[in-house]
Amino acid sequence: MSGKEWPLYEVFIRSKSGLSHRHAGSVHAADDQMALDAARDTYTRRSEGVSIWVVRSSRIVASDPAETAAFFEPAEDKIYRHPTFYDMPDGVENL
Amino acid sequence: MDPVAVRGPLLQPTPGELVYTQGLDQKDKTAGAGAIEETPEQLAAFQARIDAEEKIEAKDWMPAAYRRTLIRQISQHAHSEIIGMQPEGNWLTRAPTLKRKAILLAKIQDEAGHGLYLYSAAETLGVSRDQMVDALLEGKAKYSSIFNYPALTWADIGAIGWLVDGAAIMNQIPLCRCSYGPYSRAMIRVCKEESFHQRQGFDILVSLCNGTAKQKAMAQDALNRWWWPSLMMFGPGDSDSKHSAQSMAWKIKRFTNDELRQKFIDVTVPQAEFLGLKVPDDKLAFDAATGHYRHGEIDWQEFMDVLAGNGPCNQQRMAKRRKAHDDGAWVREAARAYAEKHAARDAA
């Protein structure tokens with residue numbers, strides 16, 4: 001309906017150095033700089049972040065929830081990737 | 001499998017009839033392209049996820065009615081935050097001290113932020129913010145009845161923080177565990193910020209109640225006017241609440257309206273006693289057997305009247321919101337034109 005709406009951006013915030021950016025929500029903005037400013041005002045009013053990423057929502061590519069089982073299936077049958085797969089003999093330590 | 005966008009396509013409302021407005025729940029129109037079949041197996045699998053306390057995320061399969069209920073509830077919630085800025089904004093230039101003014105300004109800015117978190121959560125369901133804002137401005141979407149009452153004195157700012165934000169917190173804490181992930185996450189952010197709101201209100205009333213007899217009378221007057229409308233914020237009694245049972249089954253709601261109202265009364269009455277104020281309910285009495293306060297009848301006719309648009313400030317609130325929206329149109333257009341010009345220049 002509204003071709004006039006400002007584009008939507010997804011907002012990711014690093015709460016402090018050493019941690020990854022984490023999705024916080026979204027904002028509408030006319031351009032990238034406005035998206036950063038709006039994200040700061042909306043999501044970090046109480047010093048919740050030291051770094052913000054914004055990206056146009058339309059530019060994110062995501063896996064399809066309806067295909068979750070098939071998509072992640074290759075990881076399901078390789079239990080030998082987990083250390084618990086292996087029985088360690090009694091008396092062996094630091095392994 | 002093809003990769004998909006992080007968000008689905010926007011739902012297209014039926015012309016002349018928006019999908020997310022109150023009172024359209026009985027119509028089971030499926031929005032979007034083509035009618036979507038909902039098989040008993042899909043519905044059962046969905047309910048099983050809910051029963052297992054799994055969160056539902058934006059692109060997961062969900063019944064159309066679940067989506068519609070959430071869009072209605074979250075957008076109404078967002079509208080309430082935005083309209084709720086008005087009664088308090090009215091006092092910004094008349095706050096008694098610079099400190100109070102700075103605090104009130106921060107509080108109102110939070111309300112704007114809460115509205116934005118909630119619009120953002122609702123947008124994950126396939127409705128655009130413009131669609132929701134249009135529904136509000138056209139009078140098709142509701143907002144909380146409480147914001148149609150006037151803030152007549154400075155003590156009202158105290159009462160709003162203490163009672164209105166207090167009632168909102170009571171309602172919002174269980175929503176942090178709502179089955180819909182984006183709504184639940186938005187509510188966690190909101191709840192972290194609300195307790196400052198409630199405390200700033202109570203702090204205003206503590207000052208007034210420790211002040212002159214006239215100041216204390218002002219606080220009592222504010223309580224007299226805000227008590228009953230605050231109780232109405234929880235919505236109709238359980239026997240008259242048309243959305244409750246399904247929302248409970250879907251774990252959108254965790255407690256009934258009456259349960260939340262009772263909790264609010266139980267925690268708030270002792271706070272009024274601390275202030276030395278009298279709750280304006282002659283039937284209010286502590287029932288030692290149940291451990292709860294019994295209260296008098298709520299005037300549901302008043303509630304219905306305010307919801308129907310006949311409260312003291314309905315027209316004023318909507319007129320002000322429409323004017324703000326219209327007055328901001330040139331800013332939105334100018335920002336877009338500027339962005340388009342620079343995008344074209346960068347591309348060249």
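Read on for an overview of the structure. Since the model is a prediction, treat every value here as computed from it, not as a measurement.

Points about the overall build of chain A
Phase 1 of the analysis: From N to C terminus, chain A includes 2 helices and 4 strands.
Phase 2 of the analysis: Starting at the N terminus, the α and β elements of chain A follow one another as β-β-α-β-β-α.
Phase 3 of the analysis: In terms of overall dimensions, chain A is more spread out than a globule: its C-alpha atoms have a radius of gyration of 21 Å, far above the 12 Å expected for 95 residues.
Phase 4 of the analysis: Oriented by its inertia axes, the alpha-carbon framework of chain A measures out at about 65 × 35 × 15 Å.
Phase 5 of the analysis: Burial statistics for chain A: of 95 residues in total, 23% are counted as buried.
Phase 6 of the analysis: Considering only contacts within chain A whose residues lie at least 6 apart along the sequence, 44% involve residues at least 24 apart.
Phase 7 of the analysis: Total accessible area on chain A is roughly 6,800 Å²; 53% of this is exposed by carbon and sulfur atoms.

Some remarks on the overall build of chain B
Phase 1 of the analysis: Secondary structure assignment for chain B yields 13 helices and 3 strands.
Phase 2 of the analysis: Scaling as 2.2 N^0.38, a compact globule of 348 residues should have a C-alpha radius of gyration of about 20 Å, and chain B matches this with 22 Å.
Phase 3 of the analysis: For chain B, long-range pairs separated by at least 24 residues make up 78% of all intrachain contacts whose partners lie at least 6 apart in sequence.
Phase 4 of the analysis: For chain B, the accessible area works out to roughly 16,400 Å², and carbon and sulfur atoms hold 57% of it.
Phase 5 of the analysis: Computed over 43 positive and 44 negative side-chain charges, the separation of the two mean positions in chain B equals 5 Å.

A look at the interface of chain A and chain B
Phase 1 of the analysis: With 28 residues of chain A at the contact, the number on the chain B side is 32 residues.
Phase 2 of the analysis: Of the roughly 2,600 Å² buried where chain A meets chain B, counting both sides, 55% is carbon and sulfur surface.
Phase 3 of the analysis: At the surface where chain A touches chain B, the tally comes to 4 salt bridges.
Phase 4 of the analysis: A salt bridge links Glu193 of chain B to Arg45 of chain A, with the nearest nitrogen and oxygen atoms 2.9 Å apart.
Phase 5 of the analysis: Between chain A and chain B we count 14 residue pairs in polar contact (both at pLDDT 80 or more) in total.
Phase 6 of the analysis: For the side of chain A that touches chain B, the elements supplying multiple residues, two or more each, are strand S1 (8-14), strand S2 (21-28), helix H1 (32-43) and strand S4 (61-62) of chain A.
Phase 7 of the analysis: Looking at the side of chain A that touches chain B element by element, the count peaks at 4 residues for S2 of chain A.
Phase 8 of the analysis: Along the lines of polarity and charge, the residues of the side of chain A that touches chain B split into 12 nonpolar, 7 polar and 9 charged.

Regarding the sheet that holds S2 of chain A
Residue and element names in this part refer to chain A.
Phase 1 of the analysis: Read from one edge of the open sheet, 3 strands run S2-S1-S3, paired in antiparallel fashion. Looking along the sheet, the strands with just one partner apiece sit at the ends: S2 and strand S3 (51-56). In this sheet, adjacent strand axes meet at a mean angle of 25° when their direction is disregarded.
Phase 2 of the analysis: Strand direction decides the pairing type here: S1 and S2, joined by 7 bridges, are antiparallel. Looking at S2, one finds that Arg14 is bridged to His21.
Phase 3 of the analysis: Along the sheet, H1 makes contact with S1, S2 and S3, crossing S2 at roughly 110°.

Some details on the pattern of salt bridges
Phase 1 of the analysis: Following the criterion strictly, the structure yields 22 salt bridges over all chains and no others.
Phase 2 of the analysis: One salt bridge connects Arg46 of chain A with Asp110 of chain B, and the closest N-O pair in it is separated by 2.4 Å. In this pair, Arg46 of chain A sits in the loop between H1 and S3 while Asp110 of chain B sits in helix H4 (residues 98-123), so the two residues belong to two different chains.
Phase 3 of the analysis: Measuring nitrogen to oxygen at the nearest pair gives 3.7 Å for the salt bridge that ties Lys278 of chain B to Asp282 of chain B.

Quick look at the packing of helix H2 (residues 64-83) of chain B against helix H7 (residues 181-209) of chain B
Residues and elements named next belong to chain B.
Phase 1 of the analysis: Axis separation between H2 and H7 bottoms out at 13 Å; the angle between their running directions is 25°. As far as their axial angle goes, H7 and H2 are roughly parallel. Seen along the crossing, H2 lies across H7 with a hand that is left-handed. Seen from H2, the contacting residues are Leu70, Gln73, Ile74, His77 and Glu81; seen from H7, they are Tyr183, Met187 and Glu194.
Phase 2 of the analysis: Of the residues assigned to the contact of H2 with H7, the class counts are 4 nonpolar, 2 polar and 2 charged.

Notes on a nonpolar patch on the surface
Phase 1 of the analysis: Taken together, Ile79, Tyr80, Phe85, Tyr86, Met88, Val92 and Leu95 of chain A make up a surface patch of nonpolar side chains, about 760 Å² in accessible area.
Phase 2 of the analysis: Here Tyr80 of chain A is to be found in the segment after helix H2 (68-76).

The rules behind these values
Residues numbered from 1 in each chain as written. Chains lettered and ligands numbered in written order. Predicted model: local features only at pLDDT ≥ 70, side-chain atom pairs only at ≥ 80, totals over all residues. Heavy atoms only, no water. Helix = DSSP H or I, 4+ residues; strand = E, 2+ residues; numbered from the N terminus. Rg over C-alpha atoms; globule rule 2.2 N^0.38 Å. Buried < 20%, exposed > 50% of the residue type's maximum accessible area, 1.4 Å probe, protein only. Contact = heavy atoms within 4.5 Å. Areas by Shrake-Rupley, 256 points an atom, 1.4 Å probe, with all protein chains shown as cover. Lys, Arg positive; Asp, Glu negative; His and termini not counted. Charge placed at Lys NZ, Arg CZ, Asp CG, Glu CD. Buried area = accessible area lost by both parts, 1.4 Å probe. Salt bridge = Lys/Arg side-chain N within 4 Å of Asp/Glu carboxyl O. Polar contact = N/O pair within 3.5 Å; in protein donor to acceptor, adjacent residues only side chain to side chain. Nonpolar A, V, L, I, M, F, W, Y, C, P; charged D, E, K, R; others polar. Pairing = 2+ DSSP bridges. Axes fitted to C-alpha atoms, helices over the stretch in contact; angles between N-to-C directions. Parallel < 35°, antiparallel > 145°, perpendicular 65-115°, else oblique. Left-handed = near helix turned anticlockwise from the far one by under 90°. Patch = residues over 30% accessible without salt bridge, like charges linked within 9 Å, V, L, I, M, F, W, Y side chains within 5 Å.

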